[in-house]
Amino acid sequence: MFITFEGLDFSGKSTQAKLLHEYLKKRKIKSILLREPGGTTISEKVREIILDREHIEMTPLTEFMLFSASRSQLVSQVIKPHLKKGYVVICDRYYDSSTAYQSYGGKMELKQVLEVNDIATGGLKPDMTILIDIGPKAAFARANMRGNAKDRMENKNLAFYTKVYKGFKDIANHNKKRFVVIKGTLTINEIHHTITQKINKKLNISN
Ligand SMILES: Nc1ncnc2c1ncn2[C@@H]1O[C@H](COP(=O)(O)OP(=O)(O)OP(=O)(O)O)[C@@H](O)[C@H]1O
Ligand SMILES: [Mg+2]
């Protein structure tokens, strides 16, 4: 089973992905936790290029292509082989992030982004995507509480995150079958509990 986590910066994706991974390990269910961009040697190198603050001349298309290249390598080298071996693969961000950030929030055309997403992943869709639903203002409030991380969000403005947020909501509405939308302002434990219930149901195991 392939599970992805999506949502704005600071929504709580990494927190929940890690908790789910630990929960599955405790239950002796084989699982692997990955993050995007990254997860393979090549993908981590691409990540460095994308996140390097000195690369200010990077065009939106180059950035999107790099995300896609990193994802493509991750899918072929890690995700697909683990799914074949029966693992639960948990991925902290996947192609919905490209759609939300690069298309809704950025300059890329939606149709092109969806096409490249499909090419980069060989059409590999998540079985379940958990959208941790937190609006841009709440995300900024959390960023403010975490001093140094604040700069990252302030690089882009509230208008940008408002568009990205709308993007996530639209994507979820267009893919109702695979999306589980959870209010990100609930407590960490409440969110974790909702997630494990959904996953157990999907895996057909008791809570
Ligand atoms: N449900 C919650 N309620 C309050 N605070 C939370 C909740 N979930 C996570 N946090 C806190 O919010 C911050 C961001 O969480 P986390 O790093 O998991 O977010 P993220 O979505 O992975 O962000 P990024 O996109 O930047 O990687 C952390 O300080 C975390 O402890
Ligand atoms: Mg994170």
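In the block above lies the structure referred to throughout.
Colleague: I'd like a rundown of helix α1 (residues 13-26), residues and numbers included.
Modeller: Structural remark: α-helix, 3.6 residues per turn; residues separated by three or four positions point the same way. Between the first and last C-alpha of α1 there are 20 Å, a value that for 14 residues agrees with the 20 Å anticipated at 1.5 Å per step. Of the positions making up α1, those classed as buried are K13, Q16, A17, L20 and L24. Buried residues in α1, looked at end-on, bunch into an arc of 100°, giving them a common side. Every exposed residue of α1 that faces more than 90 degrees away from the buried side is listed here: K25 and K26.

Colleague: Explain the sheet that holds strand β2 (residues 31-35) residue by residue, including any values.
Modeller: The parallel open sheet is built from 5 strands, whose spatial order is β2-β3-β1-β4-β5. The open sheet has two edge strands with one neighbour each: β2 and β5 (179-183). Strand-to-strand twist in this sheet, taken as the mean axis angle between neighbours without regard to direction, amounts to 20°. Relative to β5, strand β4 (residues 128-133) runs parallel, the two sharing 5 bridges. Within the sheet, the bridge partner assigned to D133 lies in β5 and is K183. With respect to the sheet, α1 is in contact with β1 (2-6), β2, β3 (88-92) and β4, its orientation differing from that of β3 by roughly 165°.

Colleague: Any chance you could break down helix α8 (residues 158-174) for me, citing the residues and the numbers?
Modeller: Between its terminal C-alpha atoms α8 stretches 24 Å, which fits the 24 Å expected from 17 residues at 1.5 Å a residue. Among all positions of α8, only Y161, V164, Y165, G167, F168 and I171 are buried. Buried residues in α8, looked at end-on, bunch into an arc of 150°, giving them a common side. Exposed positions of α8 whose direction lies more than 90 degrees from the buried face are A159, N173 and H174. Residues of α8 that are buried in the fold lie against β1, α4 (95-104), β4 and α6 (136-145).

Colleague: Now, about the environment of A141: what can you tell me, with residues and values included?
Modeller: Considering the arrangement of structural elements, one finds A141 in helix α6. The class of A141 is exposed, set by 12 C-beta atoms lying within 10 Å. In the structure, A141 is positioned 56 residues away from K85 in sequence and 41 Å away in space, judged by C-alpha atoms.

Colleague: Which residues make up the site of ligand 1, and what are the values?
Modeller: Neighbouring ligand 1 are 14 residues; D9, G12, K13, S14 and T15 lie closest to it. The greatest single-element share of the shell around ligand 1, amounting to 3 residues, is contributed by α1. When its residues are assigned to classes, the shell around ligand 1 shows 4 nonpolar, 6 polar and 4 charged.

Colleague: Hey, could you go over unusual backbone geometry for me, with residue numbers and the actual values?
Modeller: Each neighbour pair has its own omega, and for E36 with P37 the value is -10°, a cis peptide bond. By the secondary structure assignment, P37 is in the loop between β2 and α2 (41-51). Notably, F10 is not glycine yet its phi reads approximately 70°, a positive angle. Tracing the backbone through its elements, the reader meets F10 in the loop between β1 and α1. The backbone phi angle of R93 is positive, close to 80°, even though this residue is not glycine. By the element assignment, R93 lies in the loop between β3 and α4. Classification of R93 by C-beta neighbours within 10 Å gives buried; the count is 23.

Here is what the cut-offs are and how they apply
Residues numbered from 1 in each chain as written. Chains lettered and ligands numbered in written order. Predicted model: local features only at pLDDT ≥ 70, side-chain atom pairs only at ≥ 80, totals over all residues. Helix = DSSP H or I, 4+ residues; strand = E, 2+ residues; numbered from the N terminus. Expected span 1.5 Å × (residues − 1). Buried ≥ 20, exposed ≤ 12 C-beta atoms within 10 Å, placed from the backbone. Arc of directions from axis to C-beta. Pairing = 2+ DSSP bridges. Axes fitted to C-alpha atoms, helices over the stretch in contact; angles between N-to-C directions. Contact = placed C-beta atoms within 7 Å. Near = placed C-beta within 6 Å. Nonpolar A, V, L, I, M, F, W, Y, C, P; charged D, E, K, R; others polar.

Fair warning: the whole summary comes from geometry, so function is off the table for now.
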